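Read off the chains here:
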Amino acid sequence: MNGADPLEELLADAGRTRIDGAREVVTVRDDDDAAFLDAVAKRGGAPIELVRRGRVHGRVVELDPRTTPRLSRPSQLRRRFAEARPVVLPGALAHELGRRRNELFESDRLHERLVDADSLRRHLERRLANSRRFTVARVVEGGADPERDLATAFVDDARAPRAGLWIKLGRLSTSADDASKRLRFGFGVEPDDDASGDPERHRALTTLAREALPELAWVESERGPFADVAVAAEAALGPVCPIVYWNRPNGGALMHHDGFAPVECDGQRGVLYTQLAGATVWLALSTSQLARRVREFAELLDAGEMDWVVDALAGSPVEDALRELAHDEFALAEELALPGQGRLGGLVELGPEFTAYLVDSGHAAVLHPGDAILLPNHGTRATALHSVFCGGGGPNLALSLGLRRREVTGAPRRRGR
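This write-up is about the structure you can find in this document. Nothing here was measured: the structure is a model prediction, and the numbers come from that model.

On to the overall build of the protein. Within the protein, the secondary structure is distributed over 16 helices and 16 strands. Its C-alpha atoms give the protein a radius of gyration of 22 Å, near enough to 22 Å, the size a compact globule of 417 residues would have. Judged by the C-alpha coordinates and their principal axes, the protein covers about 70 × 45 × 45 Å. The buried share of the protein, taken over its 417 residues, is 54%. Across the protein, contacts joining residues at least 24 apart in sequence account for 75% of those joining residues at least 6 apart. With the model as given, the accessible surface of the protein reaches about 19000 Å², and the carbon-plus-sulfur share is 49%.

Structure (structure tokens):
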């Protein structure tokens with residue numbers, strides 16, 4: 001025994017790349033070295049089991065959970081954003097949430113109340129009862145995704161009658177044990193208009209969201225996260241296409257990104273996800289970082305590590321893709337940018353082995369109420385990919401916002417003193 005702390009050795013590893021602003025997160029297993037488990041127990045919170053859609057991805061522990069990490073200097077934040085690397089903004093909404101307990105309770109209860117077209121219509125008509133601009137035109141059962149969409153409301157805009165605004169209630173997955181839901185704001189035809197850069201329609205949709213989503217005002221408050229977003233992006237950005245998330249146990253999101261084009265021509269600069277209640281566990285990294293980890297993991301398999309994984313991948317599209325793409329950086333990035341990571345999806349979603357590799361390489365974060373995460377986007381080959389797990393039972397509420405220039409979204413109204 002040399003007396004070295006195995007936890008500190010892991011955290012100090014030169015290959016580990018922690019998410020800026022996040023607390024350290026590590027994996028734990030029953031067969032880990034006793035000294036490692038003891039060190040984690042002294043510094044960490046309770047283990048969180050990562051289970052999504054029936055698949056177990058292992059257990060993680062957040063270290064020093066009561067501390068508030070500091071963000072890097074502005075120059076480093078700008079570099080992170082330029083490299084499409086995620087940034088956690090710890091406590092970005094803490095001031096607002098501290099005085100919103102009743103509103104948070106009501107917002108989380110909507111998870112149970114919104115179940116079909118009729119409940120969605122009643123909810124939106126109440127929210128827009130005093131609007132001088134927006135009216136609920138009609139609400140229909142289902143939507144563009146027949147398996148997950150529960151109801152779609154179409155909203156008329158007196159100032160932009162051709163905007164084609166809609167608000168959709170849906171499930172996050174088709175898994176029977178996943179009760180997670182989302183409320184999504186959009187316009188036009190899915191998926192054709194998802195990447196639209198039409199400033200008039202984006203401005204109309206954001207204005208609708210400011211009337212129908214009180215939570216948006218919290219995020220856009222003067223003490224909210226947008227000042228840090230502007231520093232990182234070197235631009236004044238505003239919210240578009242909001243999505244309210246109610247994550248529940250066994251729910252979350254598979255690895256994906258929010259870029260729309262091979263090059264940045266659509267104008268969406270990224271996504272800002274804000275945790276309002278509960279906790280979520282994230283795997284988040286840039287396209288180039290994920291490509292690097294895939295190559296490293298493939299080298300471990302070639303060296304004889306984890307023979308059970310080699311056997312499981314034998315004859316699968318993953319095996320062929322690794323052989324073909326492992327040494328072609330450009331082609332590997334293109335494959336990982338495909339929906340579900342293309343032929344490599346079976347590896348990226350491989351739990352607990354590849355999930356643990358990403359966590360122990362530093363690409364995990366736990367978001368608590370008041371935290372936010374900034375996910376930059378510069379096109380599909382340079383974007384922040386991310387995967388989400390529910391961090392436990394109980395209330396879990398979040399608001400996710402696309403980011404575009406303020407000239408597109410307009411500035412929020414400020415209340416008088």
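Between helix α10 (residues 287–302) and helix α13 (residues 329–337), whose axes approach to 9 Å, the crossing angle comes to 110 degrees. Overall, the two elements α10 and α13 adopt an arrangement that is roughly perpendicular. In contact with T287, L290, A291, V294 and R295 of α10, α13 contributes E329, L332, A333 and L336. For the contact of α10 with α13, the per-class residue count stands at six nonpolar, one polar and two charged.

For the rest of this paragraph, the subject is the sheet that holds strand β6 (residues 149–157). Taken in spatial order, the nine strands make up an open sheet running β4-β14-β11-β16-β9-β8-β7-β6-β5, and their pairing is antiparallel. Single-partner strands in this sheet number two, and they are β4 (87–89) and β5 (134–141). Neighbour-to-neighbour, the strand axes of the sheet open up by a mean angle of 25 degrees, direction not taken into account. As judged from the five bridges shared by strand β11 (residues 270–277) and strand β14 (residues 372–376), these two strands associate in the antiparallel manner. Along β14, the bridge assignment pairs V271 with L375. The strands touched by helix α5 (residues 101–113) are β8 (181–187), β9 (237–246), β11 and β16 (397–405); relative to β9, the strand with the most contacts, the crossing angle is about 60 degrees.

A separate point is unusual backbone geometry. Of the consecutive residues E190 and P191, the connecting peptide bond is found in the cis state with omega at -10 degrees. Within the secondary structure layout, P191 lies in the loop between β8 and α7 (199–212). The omega torsion of the bond from G351 to P352 falls at 5 degrees, within 30 degrees of zero and hence cis. Along the chain, P352 falls in the loop between α14 (345–348) and α15 (353–360). Although it is not a glycine, R53 sits at a positive phi angle of roughly 55 degrees. One can find R53 in the loop between β2 (48–52) and β3 (55–62). The class for R53 is partly exposed, based on a relative accessible area of 31%. The phi dihedral of C241 is positive, around 50 degrees, even though this residue is not glycine. Following the sequence through the fold, C241 ends up in strand β9.

Another aspect to go through is the pairing of strand β13 (residues 364–367). Burial of the side chains of β13 extends over both faces: A364 and V366 are buried on one face and A365 and L367 on the other. As paired strands, strand β12 (residues 280–286) and β13 are joined by four bridges and run antiparallel to one another. If you follow W282 over to β13, its bridge partner there is A365.

Here is what the cut-offs are and how they apply
Residues numbered from 1 in each chain as written. Predicted model: local features only at pLDDT ≥ 70, side-chain atom pairs only at ≥ 80, totals over all residues. Heavy atoms only, no water. Helix = DSSP H or I, 4+ residues; strand = E, 2+ residues; numbered from the N terminus. Rg over C-alpha atoms; globule rule 2.2 N^0.38 Å. Buried < 20%, exposed > 50% of the residue type's maximum accessible area, 1.4 Å probe, protein only. Contact = heavy atoms within 4.5 Å. Areas by Shrake-Rupley, 256 points an atom, 1.4 Å probe, with all protein chains shown as cover. Axes fitted to C-alpha atoms, helices over the stretch in contact; angles between N-to-C directions. Parallel < 35°, antiparallel > 145°, perpendicular 65-115°, else oblique. Nonpolar A, V, L, I, M, F, W, Y, C, P; charged D, E, K, R; others polar. Pairing = 2+ DSSP bridges.

Worth remembering: the numbers are spatial, not functional.
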